[in-house]
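# Chain and residue survey
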Amino acid sequence: MGYRKSVNPFGMKLDRRNLSRTVGARQVKYRLLFIGVLMVLLMGSFPLIYDTGTLVSSEFHTIVELGSAILSLLVAFALLVRFYAMGSRFVLLIGLAFFCNGLADAHHFVSAATQWQQSKFVFFADAYSQPDQITGVMLFGVFLILAPLLPARKAKKNRYQEDTDPLSEPMTMLCILLVLACACLLLPLHRVLVSDTIFHRPIDFGIFVIQSFALGFFVREFIRTRDTLTWWITLSIGIFACSQLATSMTAERYGGLYILAHSLKVIGSIIPLIGFSMYQIAMLQAHEWSEMVLNAYVEDAANSKDEAFRRMVELERRSVELEMAKEAAHAANQAKSDFLANMSHEIRTPMTAILGYTDLLLDPNEPNEKHPQYINTIRDNGKSLLTIINDILDLSKIEAGKMDVERIGCSITDIIADVASLMRVRAADRKISLDVEYTTSVPEQIQSDPVRIRQILVNLVGNAIKFTQQGGVRIVVKCNAPDVPNPKITIDVVDTGIGMNEEQVRKLFAPFTQADNSTTRKFGGTGLGLVISKRLAQMLGGDINVNSTPGVGSSFKAVLATGSLRGVAMLTQPTEAVRSDTPRKPMMTDLVTLSGNVLLAEDNPVNQKLIRRVLEKMGLNVKLAANGQIAFDMAMQQLEAGKPFDVILMDMQMPVMDGVTAARNLRRAGYDLPIIALTANAMEQDRQRCMEAGCNDFATKPIDREKLNATLAQWLNSDNATDQPGDQRQSA
């Protein structure tokens, strides 16, 4: 809070019980020193004034006594009021003391006024003098001694209990004041004059002793409490004591000591009144400051309450978020567990077929005419395994932000016709129809990635066929007007299959999940196709949405950006027959016959035999190296002999020395002939790593004979074979 940083503007320390202003411990000694020095100075002035011969008239004495009486009674009244406000008996006794002193001065004023009238304003050093009654002055000293000696009243144990202190009753206090007034006026204690001693008034000297004791008690009380009001009273008592000492030494009336004594008495009455006034002002200021502190506390408490409430809400929100995160983590963990179980099933299913039909091929009792069927089954299941691996790699690339898409001119009608032609065979096997419909004119050419569009449509149509048991599947195509900003083409794949509920639709595009585990068990699949398709569609400037009704069917809407259509011809009545002549996929017999010497660096014996046989069927001479070190040595030996290898096929993961290190060392040694990386790591970062090591091209495992043939033909039968290493040419 702000008040904690600000200094108390009144330089005081607040007592929590009565808001009393106190002084610091360090200031106590300075104030006591001031009282001591003041009394020494006052007492030291007595000899100087003793025999000065100064005289005053009775009117001076009358005015002084009147002023002293009024001031003392005002101090008494203020202290009694404070007693009723604070309930301190210490203050009450001091107030009664000043009340008695005021009565004594009032009695002296009456006597002085009578003498004044009799003197008729003349000096009367030898005038008749009435005996002075000093009972009130005596009671003044007695009450001052009692004030610090009487124990303070104990606080009430029960705050709801009424105050039963009889002194707090106004009638009781009125009776006390009347009794004291009668005592001061009716019980005379007269001064006795003695001329042969220094103290001409022994009773006044006795009162001086009493006041000195009172001064000592108040000094002790001030040291204990450090209360400012106590200090003012202590200072006043010290001056009264000096006044009483001067009175006890006065030999003649209206002389120098007589003037000093009465002047000090007036000063002694003024000091507590001034101190009490300053004290009350400080009390009001302290109360105002304490109210400010209290308000600050209240404001701070309110802010703390608001802060506590805000923190409570924040903790509750975080608790809910943590609970949701926990549930999401549990759901994700469960989804991944289900995915791994499903993936294990999907991988083991074709592996079972591959291993089983391989065993049948090895069985000598199996008829030879069934061998081609077994081989085709093994090949198909091997392709299924490769599809699963490719889906996982595609999803990993998309999640890592490594998937790139092209923006080239392509025919959407050709892509759709190609997908329909490919998938119609599968639809015919399930005895359902597959139709293509164009509801609007479509552009002859769009700017997009034909490979990724084909992948999206194959996934969507394949899913629709898989989950449709009767009826059919329709591919519905429409496009925006060519002049609209950011035109898009929409492809709806509509089926009459089993459909899905809302819960299944929500989980449809989450990685590693399927609409239902029972769906996985019944229909198969990894659950990655739709996730990959949606991410690819978003990368192509569109999206995929789905509407589905259980038992009725589903409609998957793929929206793709077309790029600018300005100047592009629109096909008003496109049909499936509108397609360009796509190059026919080369058959095994269509492979280009090659010639040359090839070094194959491969550590796996099975792969050595397989790849060697494939290369030899292409017409190549093949030498084998079991690791990177052997490959490096053989390549350098042939180079030094003047018969270098025309190309090196370098596996990237081998013992002793891996292919990356071997390629890098060959380039450092000045080997500049083609090196083609051959690895099962098909990620983009793996290809980049091979290229940075000095390879000219990149081929993946399992071996695709057509692609490998095209890549080798590029580097063996063209001028590119003399290109510098590190040419990052995309493999065919």
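Refer to the structure printed above.
Scope of this entry: the structure provided in the associated data block. Bear in mind that the values here come from a model prediction, so they are computed numbers and not experimental data.

Cut-offs used in this document
Residues numbered from 1 in each chain as written. Predicted model: local features only at pLDDT ≥ 70, side-chain atom pairs only at ≥ 80, totals over all residues. Heavy atoms only, no water. Phe/Tyr/Trp six-rings, centres within 6.5 Å; stacked < 30°, edge-to-face > 60°. Helix = DSSP H or I, 4+ residues; strand = E, 2+ residues; numbered from the N terminus. Buried < 20%, exposed > 50% of the residue type's maximum accessible area, 1.4 Å probe, protein only. Salt bridge = Lys/Arg side-chain N within 4 Å of Asp/Glu carboxyl O. Core = buried A, V, L, I, M, F, W, Y, C linked by side-chain atoms within 4.5 Å. Contact = heavy atoms within 4.5 Å. 1 Å grid on protein atoms, 1.4 Å probe; cavity = no way out; pocket = protein on both sides within 12 Å on 5 of 7 lines; lining within 4 Å. Points joined across faces, edges and corners; volume = space filled by probe spheres on them. Nonpolar A, V, L, I, M, F, W, Y, C, P; charged D, E, K, R; others polar.

### Focus on the packing of aromatic side chains
Within the structure shown, the criterion is met by six aromatic pairs. Their ring planes at 40° and their centres at 5.5 Å tell us that Phe 90 and Phe 218 sit as a pair that is tilted. Of this pair, Phe 90 sits in helix α4 (residues 89-119) while Phe 218 sits in helix α7 (residues 202-225); the two residues are 128 residues apart in sequence, bridging distant segments of the chain. Judged by relative accessible area, which is 18%, Phe 90 ranks as buried. For Phe 218, a relative accessible area of 0% translates into the label buried. Each ring, one from Phe 98 and one from Phe 240, has its centre 6.1 Å from the other, and the planes form 70°; the classification is edge-to-face. With a gap of 142 residues between them, Phe 98 in helix α4 and Phe 240 in helix α8 (residues 228-248) connect regions that are remote in the sequence. For the pair Phe 98 and Phe 240, one class covers both residues: buried. The rings of Phe 98, Phe 140 and Phe 240 are connected pair by pair, giving a single aromatic cluster.

### Notes on the pattern of salt bridges
Close approach of charged atoms allows side chains of opposite charge to pair. A full pass over the atoms with the stated rule returns eleven salt bridges. The salt bridge partner of Lys 265 is Glu 65, with a shortest N-O separation of 3.2 Å. In this pair, Lys 265 sits in helix α9 (residues 256-362) while Glu 65 sits in helix α3 (residues 58-86), placing the two residues 200 residues apart along the sequence. Each member of the pair Lys 265 and Glu 65 is classed as buried. In this structure, Lys 557 engages Asp 492 in a salt bridge whose closest nitrogen and oxygen atoms are separated by 3.2 Å. One end of the pair, Lys 557, is in strand β10 (residues 553-561); the other, Asp 492, is in strand β8 (residues 488-495), and 65 residues separate them in sequence. Accessibility expressed as a relative area gives 29% for Lys 557, which makes it partly exposed. Taking the relative accessible area as the measure of exposure, Asp 492 reaches 9% and is therefore buried.

### So, the nonpolar core
Note on soluble globular proteins: their nonpolar side chains tend to be buried together. Leu 79, Ile 94, Leu 96, Phe 98 and Phe 218 are the most contacted members of the largest nonpolar core, which totals 56 residues. Apart from residues no more than four positions distant in its own chain, Phe 98 is found in contact with Ser 72, Val 75, Ala 76, Leu 79, Phe 140, Ile 233, Ser 236, Phe 240, Gly 268 and Pro 272. Ranked by size, the runner-up nonpolar core spans 43 residues in total, among them Cys 410, Ala 427, Ile 465 and Val 473.

### Considerations on the side chain of Ser 269
Tracing the sequence through the fold places Ser 269 in helix α9. By relative accessible area, Ser 269 is classed as buried at 0%.

### Some thoughts on empty space enclosed by the protein
Taken as a whole and judged by the stated rule, the model has one cavity of 30 Å³ or more. Its volume calculated, the largest cavity comes out at about 180 Å³. Looking at the largest cavity, it is lined by 18 residues, and the ones nearest its centre are His 108, Arg 191, Thr 247, His 262 and Lys 265. Put simply, the parts of the chain that give the lining of the largest cavity at least two residues each are α3, α4, α8 and α9. For the lining of the largest cavity, a count of residues per class yields four nonpolar, eight polar and six charged.

### Considering helix α15 (residues 529-539)
Buried residues dominate α15, accounting for eight of its eleven residues. Buried within α15 we find Gly 529, Leu 530, Val 531, Ile 532, Ser 533, Lys 534, Leu 536 and Ala 537. Among the residues trailing α15, Gly 541 stands out with phi positive, at a value near 85°.

### As for unusual backbone geometry
We note that Asn 486 has phi near 50°; this positive angle belongs to a residue other than glycine. With respect to the element layout, Asn 486 can be found in the loop between β7 (472-479) and β8. Although it is not a glycine, Val 656 adopts a positive phi angle of roughly 65°. With respect to the helices and strands, the residue Val 656 is situated in the loop between β14 (647-651) and α18 (659-668).

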